[in-house]
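So the chains spell out like this:
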Amino acid sequence: MRDLKAIFAALVVAALVGCGGNDAIIDGWDAGQLDAAQRDAAAVGLSGTLTLNHDAIPDGVKGWVFVYDQAPGVGTPPVAYMQVAASGAWSFPEVAAGSYYLLGAVDVNRSGEYDTPGSALADPFVIVGPQPAPAAGVAIDVLTVRAMVGSTRFAGTGGDHTRLTLLWASVLDPRNANAMTDATVVASDGTSQFPLAFSSTDVAYVPATALSAAAVDGTYTFTVSHPLAYQTPLAVEVAHQPLLARPTISSPADQHHFGAVQDVQVTWERAATTSDSLVEVYEGTTRVYKAEAITSPFTIPASGAGFTAGHTYRISVIDARYGGDTNLISLEAGVSDITISF
């Protein structure tokens, strides 16, 4: 229908990782400012357990937990961090009451890079939060599989429909953190199954056949198996709640004809509960313009979209919301279209 996967990916990066990417998450640490000593005792402030793929961290593999008072990736260093105990236990008794983001990482490739503040994250990690403190028994589960489910609400024959538009999974080898291309991956909504196949274009597992199913309000389960890396299949779940609304475009009117080529201002009312808006322009089936993270009203520049006299264009306004964490992501969108001409 349209490149919603790219839209979803942009939202995920902006919302869950931050503008700096993986390196920025831990860039700028001062080793002299942080206490990296291991702690096994019960915490007064924050404490819990770090696991890998729902299970204990393998012998000889290191794990870390980092505490932030802002979302990781915005440039602020952690307020505390530590290497977890062999049991996976971690604790920060000095953390004051408040709300924090937690980043858990497991050194699957056994490189040990996390010992030095400022090194890059080359292994699987997860960001959770905001987490209220004080709290004990906080579970942080790092996965070597990341999965996304996306759906879109759109106008169709007989009324609005919500279609499943995205099933996506990235699979790392749990033995060395290398990307896997030969795993068997199947997604299920509890009733229907959707086999996924590795795509070199997406560098991930995507539906082997075109999606044509309605989105389900519930849980999507991704099951990964491999004769060596995932002898015991790994199942991960993404909670998904399809959006039941879409933006209302108030101007321009549908089928509006402009007497001369000009910039076009689009005004809309955002769909309830959504937090991000995007605008796309199509000529036929070709997208000629896209703007992300925008608010109403928004002006589409004629030069940027390549508007030309005698041509017809479709303008799509997409509202979206997202949920989950860095491993398991749910993305729900609603789209409304109008057609204009010059």
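Just so we're clear, the structure is a prediction, and the values are computed from it rather than from any experiment.

1. Re the sheet that holds strand β6 (residues 125-133)
Strands pair in a sheet through their backbones, by hydrogen bonds, and they do so in one of two ways: parallel or antiparallel. If you trace the 4 strands from one edge of the open sheet to the other, you get β3-β2-β5-β6, paired in antiparallel fashion. Since the sheet does not close on itself, it has two edges, and those belong to β3 (80-83) and β6, each with one partner. Neighbour-to-neighbour, the strand axes of this sheet turn through a mean angle of 20°, independent of strand direction.

2. A short note on the layout of surface pockets
Within this model, the second largest pocket holds a volume of roughly 330 Å³. Surrounding the second largest pocket, 16 residues form its lining, Leu 52, Asn 53, Asp 55, Pro 174 and Ala 229 being those nearest its centre. Per-element accounting of the lining of the second largest pocket gives the leading share, 5 residues, to strand β14 (residues 230-240). Each residue belonging to the lining of the second largest pocket can be placed in one class, and the counts come to 10 nonpolar, 3 polar and 3 charged.

3. Notes on the environment of Gly 137
Structurally, the position occupied by Gly 137 is in strand β7 (residues 135-142). Here Gly 137 falls in the exposed class, since its relative accessible area comes to 63%. Between the C-alpha atoms of Gly 137 and Trp 90, which are 47 residues apart in sequence, the distance is 9.6 Å. Once residues lying within four places of it in the same chain are set aside, the contact partners of Gly 137 are Ser 47 and Gly 48.

4. Let's talk about the side chain of Asp 276
Looking at the secondary structure, you find Asp 276 in strand β18 (residues 276-283). Buried within the structure, Asp 276 lacks any salt-bridge partner; Arg 270 is the closest side chain of opposite charge, at an N-O distance of 6.4 Å. There is a polar contact of 3.2 Å between the side chain of Asp 276 and the side chain of Ser 275.

5. Comments concerning the environment of Phe 194
Following the sequence through the fold, Phe 194 ends up in strand β11 (residues 193-199). Overall, the relative accessible area of 12% leaves Phe 194 in the buried class. Note: C-alpha distance between Phe 194 and Leu 211 (17 residues apart in sequence) is 8.6 Å. Excluding residues that lie within four positions of it along the chain, Phe 194 makes contacts with Leu 164, Leu 167, Val 185, Val 186, Ala 187, Asp 189, Leu 211 and Ala 213.

6. Description of the packing of aromatic side chains
Within a pair of aromatic rings, the relevant descriptors are the distance that separates the centres and the angle that separates the planes. One pass over the structure, following the stated rule, counts 7 aromatic pairs. A network of ring pairs unites the aromatic residues Phe 258, Phe 307, Tyr 313 and Phe 342 as a single cluster. The side chain of Arg 146 reaches across the aromatic face of Phe 125, ending 4.8 Å from its centre. A cation over an aromatic ring shows up here: Arg 314 above the ring of Tyr 282, its NZ or CZ 4.4 Å from the ring centre.

7. Description of the confidence of the model for the protein
On average, residues of the protein score 86 in pLDDT, and 84% of them are at 70 or above. Throughout residues 1-43 the model reports pLDDT below 50, and contacts reaching past four residues in sequence, or to other chains, amount to 100 contacts.

Analysis parameters
- Positions within a chain are numbered from 1, following the residues in the order the chain's sequence is written.
- Under the rules for a predicted model, residues below a pLDDT of 70 receive no local features and side-chain atom pairs below 80 are neither given nor counted, while totals for whole chains, interfaces and linings still include all residues.
- The basis for every side-chain value is the complete set of heavy atoms in the structure, and neither hydrogens nor water enter the calculation.
- Should DSSP find at least two bridges between two strands, the strands are regarded as paired.
- Strands are runs of DSSP state E lasting at least 2 residues, helices are runs of H or I lasting at least 4, and numbering of each runs from the N terminus.
- The axes used here are C-alpha line fits, helices contributing only the stretch in contact, and every angle between their N-to-C directions lies in the interval 0 to 180 degrees.
- Cavities and pockets were defined on a 1 Å grid built from protein atoms only: a cavity is a group of points that admits a 1.4 Å probe but offers it no way out, a pocket is an open group of points flanked by protein on both sides within 12 Å along at least five of seven lines, and a lining residue is one with an atom within 4 Å of any such point.
- Grid points are joined across faces, edges and corners, and a volume is the space filled by probe spheres set on the points.
- Residue type decides the class: Asp, Glu, Lys and Arg count as charged, Ala, Val, Leu, Ile, Met, Phe, Trp, Tyr, Cys and Pro as nonpolar, and the leftover types, Gly among them, as polar.
- Throughout this description, buried means an accessible area under 20% of the type-specific maximum (1.4 Å probe, protein chains only), exposed means over 50%, and partly exposed covers the range between.
- Throughout, a contact is declared for two residues whenever any of their heavy atoms are within 4.5 Å.
- Under this rule, positive means Lys or Arg and negative means Asp or Glu; His and the chain ends count for nothing.
- What counts as a salt bridge is simple: a side-chain nitrogen of Lys or Arg found within 4 Å of a carboxyl oxygen of Asp or Glu.
- Pairs of N or O atoms within 3.5 Å make up the polar contacts considered here, provided that, within protein, one atom can donate a hydrogen while the other can accept it, and that residues adjacent in sequence are counted only when both atoms are side-chain atoms.
- Geometry of aromatic contacts follows a simple scheme: Phe, Tyr and Trp rings, the Trp one being its six-membered ring, pair when their centres are within 6.5 Å, and the pair is stacked under 30 degrees between planes, edge-to-face over 60, tilted otherwise.
- Working rule: Lys NZ or Arg CZ, within 6 Å of ring centre, within 35 degrees of ring normal, means a charge sits over the ring.
- Predictor confidence is given residue by residue as pLDDT, running from a minimum of 0 to a maximum of 100.

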